[in-house]
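Observations on chain architecture
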Amino acid sequence: MLPEIKLHGDVDVAALSPLLRGMLLSVAYADGEGGIGLTATGAMNRKFVHWAAVHFLWPGFTAEDLYSMNKVLNESDMPPLWVVRDMTRHLKLLRRKKDVLLPTRRGREFLVNPQAFFDLVATDYLYSYVHTTEREEEVRARLRWWRMFLNLLNIKAREGCTPIDVVKILYPDLAPLSDTEMTIEAWKLKSDLQYGVFRRLCWLGVLYEAREGLSLLQNGAFHKTPLWPACLQLESDTQSDIGVH
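About the cut-offs
Residues numbered from 1 in each chain as written. Predicted model: local features only at pLDDT ≥ 70, side-chain atom pairs only at ≥ 80, totals over all residues. Heavy atoms only, no water. 1 Å grid on protein atoms, 1.4 Å probe; cavity = no way out; pocket = protein on both sides within 12 Å on 5 of 7 lines; lining within 4 Å. Points joined across faces, edges and corners; volume = space filled by probe spheres on them. Helix = DSSP H or I, 4+ residues; strand = E, 2+ residues; numbered from the N terminus. Nonpolar A, V, L, I, M, F, W, Y, C, P; charged D, E, K, R; others polar. Domains from an automatic or database assignment. Axes fitted to C-alpha atoms, helices over the stretch in contact; angles between N-to-C directions. Parallel < 35°, antiparallel > 145°, perpendicular 65-115°, else oblique. Left-handed = near helix turned anticlockwise from the far one by under 90°. Contact = heavy atoms within 4.5 Å. Phe/Tyr/Trp six-rings, centres within 6.5 Å; stacked < 30°, edge-to-face > 60°. Buried < 20%, exposed > 50% of the residue type's maximum accessible area, 1.4 Å probe, protein only. Lys NZ or Arg CZ within 6 Å of the ring centre and 35° of its normal. Expected span 1.5 Å × (residues − 1). Bend = angle between axes of the 7 residues up to and from the residue.

1. Some points on the layout of surface pockets
Estimates place the volume of the largest pocket at around 1200 Å³. Lining the largest pocket are 34 residues, with Gly60, Phe61, Gln194, Glu209 and Arg211 positioned closest to its centre. Considering every element that reaches the lining of the largest pocket, the biggest residue donor is helix α12 (residues 187–204), with nine residues. Split into classes, the residues belonging to the lining of the largest pocket amount to 18 nonpolar, 10 polar and six charged. Built from parts of two domains, the lining of the largest pocket gets at least three residues from each of domain 1 (13–114) and domain 2 (130–238). Taken together, 20 residues make up the lining of the second largest pocket; nearest its centre are Arg142, Lys188, Leu189, Asp192 and Leu193.

2. Focus: the packing of helix α7 (residues 118–128) against α12
The relative placement of two packed helices comes down to the angle between their axes together with the axis-to-axis distance. With their axes 10 Å apart at the nearest point, α7 and α12 run at an angle of 165° to one another. It follows from the interaxial angle that α7 and α12 lie roughly antiparallel. As for the relative orientation of α7 and α12, their crossing is right-handed in sense. Contacts between α7 and α12 involve Phe118, Ala122, Tyr125 and Leu126 on the former and, on the latter, Arg199, Arg200, Leu201, Trp203 and Leu204. For the contact of α7 with α12, a count of residues per class yields seven nonpolar, no polar and two charged.

3. Observations regarding the packing of aromatic side chains
The geometry of an aromatic ring pair comes down to the distance between the two centres and the angle between the two planes. Here the structure, examined in full by the defined rule, presents 11 aromatic pairs. Here the aromatic rings of Tyr125 and Tyr129 are separated by 5.7 Å at their centres, their planes lie at 40°, and the arrangement is tilted. Assessed through its relative accessible area of 0%, Tyr125 is described here as buried. Consider the rings of Tyr127 and Trp146, whose centres lie 5.9 Å apart with planes at 65°: the pair is edge-to-face. Of the two residues, Tyr127 is situated in helix α7 and Trp146 in helix α9 (residues 146–156); the sequence distance between them amounts to 19 residues. Overall, the relative accessible area of 4% leaves Tyr127 in the buried class. The ring of Trp203 carries Arg199 above its face, with NZ or CZ at 5.0 Å from the centroid. Above the face of the Tyr125 ring, Arg200 is positioned so that its terminal group lies 5.6 Å from the ring centre.

4. A short note on α12
A turn of α-helix holds 3.6 residues, and therefore any two residues three or four places apart point the same way. Compared with an ideal rise of 1.5 Å per residue, which puts 18 residues at 26 Å, α12 spans 24 Å between its outermost C-alpha atoms and is within 8% of the ideal. By the largest-angle criterion, Phe198 marks the main kink of α12, which is about 35°. Most of α12 is tucked away: 13 of the 18 residues are buried. Where α12 ends, the next residue or the one after it, Gly205, has phi of about 105°, a positive value.

Structure follows, in structure tokens:
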């Protein structure tokens, strides 16, 4: 059984969750600007993509980050925007009318009380959403592991942990390897955790990565945000340590 995501704490969800903030800002923009313009191929236009890059404040995808790699920004250059668009469409917050995306009545309800939608957004995104770089089978296969992942991180992310730390816990035989050997031997395991688990939890806003002083290729330690205890109640809440055998 999947852990229930149910917001029960008094926290500023939009400030803590990049995903909810991006959805909220997109629907608000569409409501205030007469819609989000679309290109001939149906992508969000450059005007909105630039606006989103500046205003989303998405960790790792700020305007500075994005413009360091591209002179101009298209929707395809901003991966978080793909998720925001998919989720607003899936939850019927925006609808397409000719060459613009417009807010629905439900979308305007979302603008008034976004916190009321968090449980649904979080559950769908964490457990069901298929990123462009993933296969649906991978997402489905991960379902049986989410309770274990969340309980493990509930403890290990109190002080900060990396995907490699989790690999070593899950696969003790790999623990003696050096960082270089680990990168080679456990690349697939680390990548699956990095993008399938840690990224989802960070984009949802219950984890954040401490990256100060690190290069682009270095991994930071992941920590829980105040949103984690505000929406997750887990068996490991009273445990001081955890081992996986």
